[in-house]
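# Coordinate analysis (summary)
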Amino acid sequence: MSIAVEDVRRVAGEVPDPEIPVLTIAELGILRDVRVDESGGIDIDITPTYSGCPALDVIREDVQRRVAASAAGDVRVHVVLSPPWSSDALSEDARRKLREHGVAPPRPRAGLRMALPVAVACPVCGSARTEEVAHFAGTACQGLRRCSSCSEPFQHFKEH
Amino acid sequence: MLRLADDCFVLSHRLAEWSSRAPTLEEDVALTNIALDLLGQARRLYEHAARLDGTGRSEDEYVFMRDERDFVNCLLVEQENGDFATTIVRELLFSTYQLGLCGALRESADATLAAVAAKAHTEVTYHVSHARQWTVRLGDGTAESHIRTQTALDALWPYTHELFESDDVTPSLVADGVAAAPAALMPEWSASIGTVLAEATLERPETTWAPSGGRRGLHTERFGYMLAEMQHLHRAHPGARW
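Predicted model, so just to flag it, every value in this text is computed and none were measured.

## Focus on the overall build of chain A
- A tally of regular secondary structure across chain A gives five helices and seven strands.
- Secondary structure of chain A in N-to-C order comes out as α-α-β-β-α-β-α-β-α-β-β-β.
- Referenced to the eigenvectors of the C-alpha coordinate spread, the extents of chain A come out at roughly 60 × 25 × 25 Å.
- Of all 160 residues assigned to chain A, the portion counted as buried reaches 37%.

Shown next, in the form of structure tokens:
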């Protein structure tokens, strides 16, 4: 008996991101389409956050292993690029979890085009008085900032 | 396709040479992150090239098993890192070009190329802004940093002419809507660079010397050394993996 699409989506979607393990690939918007064909073969599309994201290979293996363990059919994981991933794909839940993890979530990209762009709030004290320290931090998708109110340095998940 | 892939790959390797050697930790991370973006773009392009040329070659085969004359990257990206100013100026000149190119290729008739370009466009936007910030800081900085940045600019400028050259394959690709006409990217590039140079108090070099040949596999001397160092392990132990 072949596995239902929703079950595959749930199992695959629960794979944590290797670099930001508080988030799953479903919450990050990395998991795209899931298809199950008549013979039970499973095709799963994932998309990279950044072209060179080194986590993608690990995610691909994790998805492959977890889904293969819960379903009988062949599992094929594909990398798709279009439409390109955007930080707007992050769910509200994901943004809350990031804040709790001490990472400032990305601002909605529409907010950046306004005359007075939305400020990056400090994930510790909530102050909007923060400044960029470095464009790039430990991972490609994050930058380094510092809060001018509470002095806390923190990572910011960049808008992309 | 191979030209685009080789451009990204060679510059990625040059930037990766900065790993653990950059002036500050933040810059070490920034340069290697940019290298990583470029490597990711190169990998997608090599994959696509392998499908198009029908050889099904792996990324490793493109990178480790080709000789110097088979690489078709532009001469600008293979230039040595030099001091930090040289690396920043090279990044400014190339990423500004790459931004215009990716912008145009988003409309390519080749759907895969269009997808890679659209993805790369947001990444390259960051590279450009990184390079611009540093160019202004260095150019409009101390007397020493100004001289070094101007010297780097003078040395690298001649290699920018090649970016906007066409050859016998370009016109048909442009006509098919696959590629972007190189010369058409020139005005915007020139205006954008001009703005940064003015802010950075740097002089636009006046030179007519325009070395070329990268697209035909004719490279500058240092490129061979880079390849030798990069390829020797794979060549000594074919198929080596870790």
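## Remarks on helix H7 (residues 143–156) of chain B
All names here are of chain B.
- If you check H7, its first and last C-alpha atoms are 20 Å apart, about what 14 residues at 1.5 Å a residue would give, namely 20 Å.
- Listing the buried residues of H7 in full gives Arg 148, Thr 149, Gln 150, Ala 152, Leu 153 and Leu 156.
- Buried residues in H7 make contact with helix H4 (75–78), helix H5 (84–105) and helix H6 (111–139).

## Points about the nonpolar core
- Core analysis: the largest hydrophobic core is formed by 95 residues, its most contacted members being Val67(A), Ala5(B) and Leu76(B).
- Take this core: its biggest share by element is 12 residues, from H5(B).
- Taken domain by domain, the makeup of this core includes at least three residues from each of domain 1 (5–79) and domain 2 (102–157) of chain A.
- In this view, Ala5(B) contacts Ala42(B), Leu45(B), Tyr46(B) and Ala49(B); residues no more than four positions away in its chain are not counted.

## Here's the deal with the interface of chain B and chain A
- Taken together, the contact between chain B and chain A spans 19 residues of the former and 14 residues of the latter.
- The set of elements that each furnish at least two residues to the side of chain B that touches chain A consists of helix H2 (25–52) and H6 of chain B.
- Of the residues forming the side of chain B that touches chain A, the biggest block, 10 residues, is contributed by H2(B).
- Its residues assigned to classes, the side of chain B that touches chain A comprises nine nonpolar, five polar and five charged.

## Some points on the pairing of strand S3 (residues 75–79) of chain A
Residue and element names in this part refer to chain A.
- One ladder, built from five bridges, connects strand S2 (residues 42–46) with S3; its direction is parallel. Looking at the pairing, Asp 45 lines up with His 78 of S3.
- For the segment spanning S2, helix H3 (residues 55–70) and S3, crossover handedness is right-handed.

## Comments concerning the sheet that holds strand S4 (residues 103–104) of chain A
Residues and elements named next belong to chain A.
- Pairing is mixed in the open sheet, where four strands are placed in the order S4-S7-S6-S5. Taken across any chain shown, the strands that pair with only one partner, and hence form the sheet edges, are S4 and strand S5 (130–134).
- Bridge count between S5 and strand S6 (residues 142–147): four bridges; the pairing is antiparallel. Residue Glu 131 lies in a different strand from S6, and its bridge partner there is Arg 146.

## Regarding the packing of helix H1 (residues 2–16) of chain B against H2(B)
Residue and element names in this part refer to chain B.
- Where H1 meets H2, the axes come as close as 8 Å, and the angle between the chain directions of the two elements is 155 degrees. When the axis of H1 is compared with that of H2, the two are roughly antiparallel. Crossing hand, H1 versus H2: left-handed. Residues Leu 2, Leu 4, Ala 5, Cys 8, Phe 9, Leu 11, Ser 12, Leu 15 and Ala 16 of H1 form the contact with H2, whose participating residues are Leu 31, Thr 32, Ile 34, Ala 35, Leu 38, Leu 39, Gln 41, Ala 42, Leu 45, Tyr 46 and Ala 49.
- For the contact of H1 with H2, the residue count by class is 17 nonpolar, three polar and no charged.

## Considerations on the confidence of the model for chain A
- When pLDDT is averaged along chain A, the result is 90; 99% of the residues meet or exceed 70.
- Put simply, helix H5 (residues 109–112) of chain A is where chain A has its lowest mean pLDDT, 78, and S2(A) is where it has its highest, 96.

Quick notes on the rules
Residues numbered from 1 in each chain as written. Chains lettered and ligands numbered in written order. Predicted model: local features only at pLDDT ≥ 70, side-chain atom pairs only at ≥ 80, totals over all residues. Helix = DSSP H or I, 4+ residues; strand = E, 2+ residues; numbered from the N terminus. Buried ≥ 20, exposed ≤ 12 C-beta atoms within 10 Å, placed from the backbone. Expected span 1.5 Å × (residues − 1). Contact = placed C-beta atoms within 7 Å. Core = buried A, V, L, I, M, F, W, Y, C linked by C-beta atoms within 7 Å. Domains from an automatic or database assignment. Nonpolar A, V, L, I, M, F, W, Y, C, P; charged D, E, K, R; others polar. Pairing = 2+ DSSP bridges. Right-handed = clockwise from strand over helix to strand, strands pointing away. Axes fitted to C-alpha atoms, helices over the stretch in contact; angles between N-to-C directions. Parallel < 35°, antiparallel > 145°, perpendicular 65-115°, else oblique. Left-handed = near helix turned anticlockwise from the far one by under 90°. pLDDT = per-residue confidence, 0-100.

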